Amino acid sequence: MRERFSWHQAQDLIEKHTGPALSARPVQEGYNSQIAVVINDTTFVKGLRTEHPRAWTQDRERQINPHVHHVSARLLWSDTTSDWDLNGFEYLHGRQPDYAPTGRDADPIIAMMTKFPPAPADVALKQAPDRWASYSDRAELFTGDWLCHTDWSPGNILLSGDRARMLDWAWPTQGARWIDPACWIIWLIASGHHPALAQTRASALSAFATAPPAAVTAFASAQAAMWEDIGESAPHPGLAAAAARWVRHRTS
Ligand SMILES: Nc1ncnc2c1ncn2[C@@H]1O[C@H](COP(=O)(O)OP(=O)(O)OP(=O)(O)O)[C@@H](O)[C@H]1O
Ligand SMILES: [Mg+2]
């Protein structure tokens, strides 16, 4: 649910870290942050009220950042007061990827995915089988030792030059390495890809090309059930249908 606050409510706290805000550009993309603003074209500040029920996602992004800043934006500072929980990231220039079949952004995205690290031992991560247990009776097949981002909304990816970066590590999950390409496939199908073409693109990643087929099919089914359950709150209206279409393609 979108509930942005004016960044001015946290101005003193922000300026403590950035110095005087000579420019401030609120970011429209994204839903979860109560503050999302670019300060001085150098810092992207993301924040939730400290009493917000999901304020803990801010802390998880802080913890995971040292493990992913090579494929993401570097965390410059963070601050938590009785009012605000803020993270200040390096501001990245770029554009969102084009997920349409005619889009030409697959290569940098694949190159980025090959650099996702194993699950770090020092961060308490949600386990993939637990995360999707209520949507699958074969969720144990999602087990793995890799760090998965799982939210492949194009708004979470920035392309600059020939490089892609993955933002918004608010839901990092430990699981099989093929889970991220599988999540990406569902977005590609929802954006117009035939399931066969989407799978061909993802198969450039050996982790996906060699994934156990039954596990991938079970995961696609779980995603169809999950997006159906999320319903109108989904970030794209076609995700449930895309995942269901992928399942039919794999099982027919
Ligand atoms: N480091 C960055 N540099 C430039 N732009 C960024 C950066 N981080 C995020 N953005 C932009 O701000 C938007 C919102 O950021 P982000 O997705 O992290 O937060 P959010 O509000 O929690 O979003 P969501 O609803 O997807 O969870 C992104 O979609 C992206 O357009
Ligand atoms: Mg986001």
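A short tour of the structure in this document, coming up. Everything numeric here is computed off the predicted structure, so don't read it as measured data.

**So, the coordination of the magnesium ion (ligand 2)**
Angles at a metal have ideal values that depend on geometry: 109.5 degrees with four tetrahedral donors, 90 or 180 degrees with six octahedral donors. Coordination of the magnesium ion (ligand 2) by the protein involves Asn156 (OD1) and Asp168 (OD), with metal-donor separations of 2.1 to 2.2 Å. Remark: Asp168 occurs in the loop between strand 9 (163-166) and strand 10 (173-175) and Asn156 occurs in the loop between strand 7 (146-148) and strand 8 (157-160); sequence separation between them is 12 residues. When its relative accessible area of 8% is taken as the criterion, Asn156 is described as buried. Residue class for Asp168 comes out partly exposed when judged on its relative accessible area of 24%.

**What about the pairing of strand 5 (residues 84-90)?**
Put simply, side chains in a regular strand alternate between the two faces of the sheet. When you tally the buried positions in strand 5, you get 6 out of 7 residues, the bulk of the element. Of the strand pairs in this sheet, strand 3 (residues 43-49) and strand 5 are connected by 7 bridges, and their pairing is antiparallel. Within strand 5, the position partnered with Val45 by the bridge is Gly88. Sheet analysis places strand 4 (residues 75-80) next to strand 5, joined by 5 bridges and oriented antiparallel. What sits directly across from Leu75, in strand 5, is Phe89.

**Section: the pairing of strand 9**
The sheet contact formed by strand 8 and strand 9 spans 4 bridges and is antiparallel. Directly across from Leu158, in strand 9, lies its bridge partner Arg165. Between strand 8 and the antiparallel strand that follows it, strand 9, lie 2 residues; Gly161 among them carries a positive phi value of about 60°.

**Quick look at the packing of aromatic side chains**
Counted according to the given criterion, the structure contains 11 aromatic pairs. With a centroid separation of 5.2 Å and 65° between ring planes, the pair formed by Phe116 and Trp169 is classed as edge-to-face. With a gap of 53 residues between them, Phe116 in the loop between helix 3 (106-113) and strand 6 (126-127) and Trp169 in the loop between strand 9 and strand 10 connect regions that are remote in the sequence. Residues Phe116 and Trp169 agree in their burial class; the two are buried. When the ring of Trp132 is compared with that of Phe219, the centres are 5.1 Å apart and the planes differ by 90°; the resulting orientation is edge-to-face. With a gap of 87 residues between them, Trp132 in the loop between helix 4 (128-131) and strand 7 and Phe219 in helix 8 (residues 213-230) connect regions that are remote in the sequence. Judged on exposure class, the residue Trp132 and its partner Phe219 are both buried. Every member of this aromatic cluster is reached through a ring pair, and the members are Phe116, Trp152, Trp169 and Trp184.

The rules behind the values
Residues numbered from 1 in each chain as written. Chains lettered and ligands numbered in written order. Predicted model: local features only at pLDDT ≥ 70, side-chain atom pairs only at ≥ 80, totals over all residues. Heavy atoms only, no water. Donors = N, O, S within 2.8 Å, 3.2 Å for Na, K, Ca; no water. Helix = DSSP H or I, 4+ residues; strand = E, 2+ residues; numbered from the N terminus. Buried < 20%, exposed > 50% of the residue type's maximum accessible area, 1.4 Å probe, protein only. Pairing = 2+ DSSP bridges. Phe/Tyr/Trp six-rings, centres within 6.5 Å; stacked < 30°, edge-to-face > 60°.

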